[in-house]
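Structural description and commentary
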2 protein chains.
Amino acid sequence: MNHRFIRRAPPLKVVQKLAAKAILEGKLISEGDRVLIAVSGGKDSSVLAWALSILKRSLPFNYDLEALHISSDFCFCCQKGELMNSLESWGIGFTDLSVPIIGRLKEGRKMNCYWCSTQRRTELIRYAMERGFNKIALGHHLDDIIETFFMNMMNQGSLAAMPMVLKYRKYPLHLIRPLAYLEEQQVIACADELGILKTACTCPYGVNSLRRDARSKIAALTGNSSAVKRRILSSLLAGDLLHELD
Amino acid sequence: MNHRFIRRAPPLKVVQKLAAKAILEGKLISEGDRVLIAVSGGKDSSVLAWALSILKRSLPFNYDLEALHISSDFCFCCQKGELMNSLESWGIGFTDLSVPIIGRLKEGRKMNCYWCSTQRRTELIRYAMERGFNKIALGHHLDDIIETFFMNMMNQGSLAAMPMVLKYRKYPLHLIRPLAYLEEQQVIACADELGILKTACTCPYGVNSLRRDARSKIAALTGNSSAVKRRILSSLLAGDLLHELD
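What you are looking at is a predicted structure, and each value in this text was computed from that prediction instead of being measured.

Mapping chain B onto chain A leaves a residual RMSD of 0.0 Å; the transformation is a rotation of 180 degrees accompanied by 0.0 Å of translation along its axis. Both copies of the chain, as the preceding transformation shows, are related through a two-fold rotation axis. Looking at the interface residues of chain B, 100% of them are also at the interface in chain A, so both copies use one shared face.

Printed below as a string of structure tokens:
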């Protein structure tokens, strides 16, 4: 991808081009796929939904799209009306599923990111399997992927990234991350242009402190240089860390 | 390895323990090996030579040791007399080989780290093959390994570390790095204790700027925490990046 194009192109075009590149290079979607988009109400998954709807026109295969939102028992800020309107205008059907994430905590246990994401993932998989979806699309971008890679390395001592494609052994199902080639700032610019940045919600628990700490240290390492971050992503691709079996 | 031991043990013991651990875990040396130590005159390879000589007494196999120093046409600071005395006192035979590193530069080419290390490596391999050595031991430590890993990732986009063991395809020869588990500060403390820190020479060209830059950025990333650096090394081991074929 021409870097001059990426720097100068309008935000919507950048997202389209880089999402298409990730989908084609990573073989994320194929003819006839039924793709369930996990929409949180946040900017990332909203931009993902928009991009997948737009790319239906240009990608050389057909696929179905539907969005699933999981409502929790601790976050009520999400402007679901706005989200539904956006998804409808992009031609994407929407389902809202209520899950008592805090309610399912065992007694004495505190709410945490790991618990919440495991509950959400379980529900996503269950819903996808019941309705015949074979792909679940998540809105993680390049900065999320790099962050997780460094956190795994520095906190766990393991060499593992958040894969662009994860094939479940137990289910006929893949997790895909079509925004893997996009930096957060490019996703933000696109969300802003689409007019959805202001209505996007964020988790009331905030970013956990380990992740916040990793984020600032990685910024010091890369100097926030796009070129450096892209080379780190290339190294993860070259080391085959972005295609995984679960 | 008990971390409390590592923090409190005397410097010589720390080097012995961690070098032995690397040699045993990484299968760096086996019965009957003929090991050629590349000694630059610097602290790292001097400590390596000392450690390998001491470990002959305790490791459960026999091996031969010899040291090769490559004298260049640009560095005359190395106090070879001191180095020879040290090696002799440790029972290690020493050879000095003169290589016109600048003299071999093609016209118009400037001296650089890559050229110098390639020339040295070529001469090391040639010498080892001619004299029947099957292992070449280099003095790189944990900080060197981490630094090179990050430089490969951030500057080249490749996921590759400096291996603890590298097996040459073309020759019956391995490169080994028995100080892989040691941090630079542990090597320095040992060199100081051995009384060789002051006589150790450093390259007159200094550390190259890319490496210096990487070093300070990695320090910002890890906060110079031993625990974090050791977890990064563990991740490279877990990802099988420290055993390689050339």
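Further notes follow.
Pairing between side chains of opposite charge can happen when their charged atoms approach one another. Counted according to the given criterion, the structure contains 26 salt bridges over all chains. Residue A:Glu147 pairs with A:Arg211 through a salt bridge whose shortest N-O separation is 2.9 Å. Linking A:Glu147 in helix H6 (residues 142-156) with A:Arg211 in helix H8 (residues 209-222), this pair joins segments that are 64 residues apart in sequence. Residue A:Glu147 is classed as buried on the basis of its relative accessible area of 5%. By relative accessible area, A:Arg211 is classed as partly exposed at 22%. Among the salt bridges present, the one from B:Lys43 reaches B:Asp44, with a minimum N-O distance of 2.6 Å. Each member of the pair, B:Lys43 as well as B:Asp44, carries the same accessibility label: buried. Three or more residues joined by partner-sharing salt bridges are found here, namely A:Asp143, A:Glu183, A:Lys229 and A:Arg230.

Moving on: the packing of helix H2 (residues 11-25) of chain A against helix H3 (residues 43-55) of chain A. Residues and elements named next belong to chain A. Contact geometry of H2 with H3 gives a least axis separation of 10 Å together with a crossing angle of 75 degrees. The angle between the axes of H2 and H3 places the two elements in the roughly perpendicular class. When H2 is examined against H3, the residues Leu 12, Val 15, Gln 16, Ala 19, Ala 20 and Ile 23 are found in contact with a partner set consisting of Val 47, Trp 50, Ala 51, Leu 52, Ile 54 and Leu 55.

With 22 residues of chain B at the contact, the number on the chain A side is 22 residues. Taking both sides of the interface into account, the surface hidden between chain B and chain A amounts to around 1700 Å²; carbon and sulfur atoms contribute 73%. Considering only the surface of chain B that becomes buried against chain A, B:Met154, B:Leu159 and B:Leu221 emerge as the three largest contributors, covering 35% of it. Run the count over chain B and chain A and you get zero salt bridges. Contributions of two or more residues to the side of chain B that touches chain A are made by helix H6 (142-156), helix H8 (209-222) and helix H9 (226-238) of chain B. With seven residues, the top contributor of residues to the side of chain B that touches chain A is H9(B).

Now for the environment of A:Leu179. Residues and elements named next belong to chain A. Considering the arrangement of structural elements, one finds Leu 179 in the loop between strand E6 (174-176) and helix H7 (184-194). Judged by its relative accessible area of 0%, Leu 179 is buried. Once the C-alpha coordinates of Leu 179 and Asp 44 are considered, the two residues, 135 residues apart in sequence, prove to be 8.4 Å apart. Those residues within four positions of Leu 179 in sequence are excluded, and the remaining contacts are Asp 44, Leu 48, Gly 139, His 140, His 141, Leu 142 and Val 187.

Time to look at the sheet that holds E6(A). Residue and element names in this part refer to chain A. In spatial order, the strands read E3-E2-E1-E4-E6-E5-E7; together these seven strands make up an open sheet with mixed pairing. On the outer flanks of this sheet lie strand E3 (93-98) and strand E7 (243-245), each paired with one strand and no other. Looking at each pair of strands side by side, their axes are set apart by 25 degrees on average, direction ignored. The strands touched by H3 are strand E1 (33-38), strand E2 (63-71) and strand E4 (135-137); relative to E1, the strand with the most contacts, the crossing angle is about 155 degrees. Against the sheet, helix H4 (residues 80-89) engages E2 and E3, with an angle of about 150 degrees to E3.

Going through the model one piece at a time under the given rule, you end up with nine aromatic pairs over all chains. Relative to A:Tyr171, the ring of A:Tyr168 has its centre 5.6 Å away and its plane inclined at 70 degrees; by these criteria the two rings are edge-to-face. Relative to B:Phe150, the ring of B:Phe149 has its centre 5.5 Å away and its plane inclined at 75 degrees; by these criteria the two rings are edge-to-face. Relative accessible area serves as the criterion here: at 0%, B:Phe149 is assigned to the buried category. An aromatic cluster of at least three residues, connected via ring pairs, comprises A:Phe149, A:Phe150, B:Phe149 and B:Phe150. If you follow A:Lys56 out to its NZ or CZ, it ends over the ring of A:Tyr63, 5.9 Å from the centre. The ring centre of B:Phe133 lies 4.3 Å from the NZ or CZ of B:Arg34, which sits over that ring.

Cut-offs used in this document
Residues numbered from 1 in each chain as written. Chains lettered and ligands numbered in written order. Predicted model: local features only at pLDDT ≥ 70, side-chain atom pairs only at ≥ 80, totals over all residues. Heavy atoms only, no water. Least-squares fit on C-alpha atoms with pLDDT ≥ 70 in both. Contact = heavy atoms within 4.5 Å. Salt bridge = Lys/Arg side-chain N within 4 Å of Asp/Glu carboxyl O. Helix = DSSP H or I, 4+ residues; strand = E, 2+ residues; numbered from the N terminus. Buried < 20%, exposed > 50% of the residue type's maximum accessible area, 1.4 Å probe, protein only. Axes fitted to C-alpha atoms, helices over the stretch in contact; angles between N-to-C directions. Parallel < 35°, antiparallel > 145°, perpendicular 65-115°, else oblique. Buried area = accessible area lost by both parts, 1.4 Å probe. Pairing = 2+ DSSP bridges. Phe/Tyr/Trp six-rings, centres within 6.5 Å; stacked < 30°, edge-to-face > 60°. Lys NZ or Arg CZ within 6 Å of the ring centre and 35° of its normal.

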